[in-house]
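Commentary on secondary and tertiary structure
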Amino acid sequence: MSVAQSADEAGGRTRAFALGAHVTAIAFDRAGAVGAFALGDGRLALVDRGGAPQTVKAHKGAVLSLAAHPAGGFLSGGDDGRLLHVGLDGGVSELAAFKGKWLEAIATHARANLFAVAVGKEIHLFGRESGPRVLGPHPSTVTDIDFSPDGSRLAGAHYGGVSIWTVRNPADQPRKLAWKGSHLKLRYSPNGRFLATTTQENAIHVWRLASGADMQMAGYPAKIKSLAWSHDGSLLLSSGAEPFVCWSFAGKGPEGQPPVEFGGVPGVLISVIAVHAASPFAVAGFADGALQLGDLEGKRATPLKSPGEAAVSALAWSGDGWHVAYGCENGEAGVIDLAPR
């Protein structure tokens with residue numbers, strides 16, 4: 001049975017729960033057994049495969065960023081300026097504190113045992129024996145960060161483009177990729193050939209890293225808050241439109257070619273999207289609270305969840321690829337089991 005076939009039964013295989021606050025982010029631990037839901041009131045809700053959510057008071061304000069820690073458990077950043085490690089048992093330890101800063105972006109690289117956090121105009125890189133290193137300052141606030149697939153580079157998005165730092169020699173000057181305007185989200189393609197950002201102008205900007213050539217995909221009806229590559233790097237997807245919008249980066253790439261579009265609901269925008277790490281599937285969350293599973297090869301969508309009372313604000317796939325966790329702006333949340341029966 002495929003993921004798509006399993007989706008037909010998802011309605012009866014969803015563990016739903018009310019978390020009582022805006023779900024700002026979701027992550028699964030490295031083993032994939034525990035999901036963490038970051039909340040707008042400073043709590044984290046830890047959910048395993050069987051029990052009820054365990055809530056942990058972590059931050060004094062909203063939890064703004066969340067990721068699986070390379071060594072286990074979770075990393076969280078808050079609008080209280082604290083970077084925390086939260087264990088699977090709910091234990092909380094402070095790794096760093098940056099008074100007056102909002103920690104809105106965390107990036108990790110498990111194989112390289114690295115993680116980084118954006119702090120104002122700087123990026124703080126952790127994991128090297130010499131201790132945390134500070135990268136920057138950048139021209140403006142760093143809005144998002146991402147490691148290259150091999151862990152050798154760390155990129156930061158900011159006003160005017162992207163800065164790419166060499167992890168082995170962080171004292172070196174970064175490579176600059178320039179494009180006017182504010183850049184919001186940033187993602188390396190899994191094959192390391194491209195780097196994509198979203199911009200304030202409701203567009204996506206992409207650079208070919210080998211040559212530095214760039215391209216722009218514009219015309220989205222809303223600001224793009226979520227960006228993801230397919231598992232093989234052949235497709236780029238995002239939020240900000242009604243259907244699944246898939247830009248092809250196979251062969252010569254998307255220049256001069258329209259994207260493939262499928263699924264969606266007329267009049268309802270995708271608010272967040274998450275792509276399977278090993279198979280051609282993606283899940284889209286919509287502004288009306290609905291979820292759809294997209295088959296990127298078959299170009300068709302299957303409903304996973306009916307509309308609710310609030311927009312889907314966060315999504316994540318488990319490490320085994322058979323569970324999807326979702327959260328909404330009103331605290332509605334759940335884990336959908338797509339494993340074959």
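Please refer to the structure placed before this passage.
Residues numbered from 1 in each chain as written. Predicted model: local features only at pLDDT ≥ 70, side-chain atom pairs only at ≥ 80, totals over all residues. Heavy atoms only, no water.

Quick notes on the overall build of the chain
The cut-off we apply is this: For helices the rule is a DSSP run of H or I covering at least 4 residues; for strands it is a run of E covering at least 2, with both sets numbered from the N terminus onward. Only C-alpha atoms enter the radius of gyration, while the globule expectation follows 2.2 Å times N to the 0.38, with N the number of residues. For the exposure calls, accessible area comes from a 1.4 Å probe over protein chains only, and a residue counts as buried if that area is under 20% of its type's maximum, exposed if over 50%, partly exposed in between. Contact definition: two residues touch when any of their heavy atoms are within 4.5 Å. To be clear on the numbers: accessible area is Shrake-Rupley with a 1.4 Å probe, and residue cover counts the displayed protein chains and nothing else.
From N to C terminus, the chain includes one helix and 32 strands. Compactness check: the chain gives a C-alpha radius of gyration of 19 Å against a globular reference of 20 Å for 341 residues, within 12% of the reference. Taking the principal axes of the C-alpha coordinates as reference, the chain spans close to 55 × 50 × 30 Å. Out of the 341 residues in the chain, the part that is buried amounts to 56%. Considering only contacts within the chain whose residues lie at least 6 apart along the sequence, 41% involve residues at least 24 apart. Of the roughly 14,000 Å² of accessible surface on the chain, 50% is carried by carbon and sulfur atoms.

Some thoughts on the pairing of strand β18 (residues 183–188)
Under the convention used in this document: Two strands are counted as paired when DSSP detects at least two bridges linking them.
With four bridges connecting them, β18 and strand β19 (residues 194–199) associate as antiparallel partners. In the sheet register, Leu186 faces β19, and the bridge partner there is Thr197. Counted between consecutive antiparallel strands, the loop separating β18 from β19 contains five residues, among which Gly192 sits at a positive phi close to 75°.

Concerning the side chain of Arg43
Note the following rule: We call two N or O atoms a polar contact when they sit within 3.5 Å, provided that within protein one can donate a hydrogen and the other can accept it, with sequence-adjacent residues counted only if both atoms are side-chain atoms.
When you line up the elements, Arg43 lands in strand β4 (residues 43–47). For Arg43, the side chain forms a polar contact with the main-chain oxygen of Leu19, separated by 2.5 Å. Side chain to side chain, Arg43 and Asp41 meet in a polar contact 2.8 Å long. Ignoring sequence-local partners within four residues, the contact set of Arg43 consists of Leu19, Gly20, Ala21, Phe37, Ala38, Thr55, Val56, Lys57, Ala58 and Val63.

So, the sheet that holds strand β10 (residues 106–109)
Inclusion rule: With axes taken as lines fitted to C-alpha atoms, and helix axes fitted only over the stretch in contact, angles between N-to-C directions fall between 0 and 180 degrees.
The sheet built from four strands is open, its strands ordered β10-β11-β12-β13 with antiparallel pairing. Of all the strands in the sheet, the pair left with one neighbour each is β10 and β13 (133–135). Each strand axis lies, on average, 20° off the axis of its neighbour in the sheet, ignoring direction. In this structure, strand β11 (residues 114–119) lies alongside strand β12 (residues 122–126), joined through five bridges in antiparallel fashion. The residue of β12 that forms the bridge with Ala116 is Leu125.

So, the layout of surface pockets
Unfilled space is identified by rolling a water-sized probe across the atoms. Keep this limit in mind: The definitions used throughout rest on a 1 Å grid laid over the protein atoms alone, on which a cavity is an enclosed set of points accommodating a 1.4 Å probe that cannot get out and a pocket is an open set flanked by protein within 12 Å on both sides along at least five of seven lines; lining residues are those having an atom within 4 Å of a point. Grid points are joined across faces, edges and corners, and a volume is the space filled by probe spheres set on the points.
Put simply, the second largest pocket is a space of about 170 Å³. Lining the second largest pocket are Ser148, Asp150, Ser152, Arg153, Ile164, Thr166, Arg175, Tyr188, Gly192 and Leu209.

A closer look at the nonpolar core
For clarity, the threshold we go by: Nonpolar core, defined: a set of buried Ala, Val, Leu, Ile, Met, Phe, Trp, Tyr and Cys residues in which side-chain atoms within 4.5 Å join the residues together.
Residues Val283, Leu291, Leu304, Leu315 and Trp317 are the most contacted members of the largest nonpolar core, which totals 16 residues. Filtering out sequence-adjacent residues up to four positions away, Val283 remains in contact with Val272, Ile273, Ala274, Leu291, Gln292, Leu293, Leu304, Leu315, Trp317 and Val324.

Structural notes on unusual backbone geometry
Following Gly136, the chain continues into Pro137 via a peptide bond in cis, with omega recorded as 10°. The phi torsion at Asn113 lies on the positive side, around 55°, for a residue other than glycine. The exposure class of Asn113 is partly exposed, given its relative accessible area of 41%.

Comments concerning the packing of aromatic side chains
Here is the rule we go by: Whether two aromatic rings pair depends on their centres lying within 6.5 Å, for rings of Phe, Tyr and Trp, where Trp uses its six-membered ring; planes under 30 degrees apart make the pair stacked, over 60 edge-to-face, and the rest tilted.
Taken as a whole and assessed by the stated rule, the structure comprises six aromatic pairs. Look at Phe115 and Phe126: their rings are 4.9 Å apart centre to centre, the planes differ by 5°, and that puts the pair in the stacked class. Within this pair, whereas Phe115 is found in strand β11, its partner Phe126 is found in strand β12, the two being separated by eleven residues in sequence. Residue Phe115 is classed as buried on the basis of its relative accessible area, which comes to 9%. Taking 4.9 Å as the distance between ring centres and 0° as the angle between the ring planes, the aromatic pair formed by Phe244 and Phe262 counts as stacked. With Phe244 in strand β24 (residues 244–248) and Phe262 in strand β25 (residues 260–262), the pair connects residues that are 18 residues apart, well separated along the chain. Exposure remark for Phe262: the relative accessible area of 7% places this residue in the buried category. Put simply, the rings of Phe194, Trp229 and Phe249 pair up and form one aromatic cluster.

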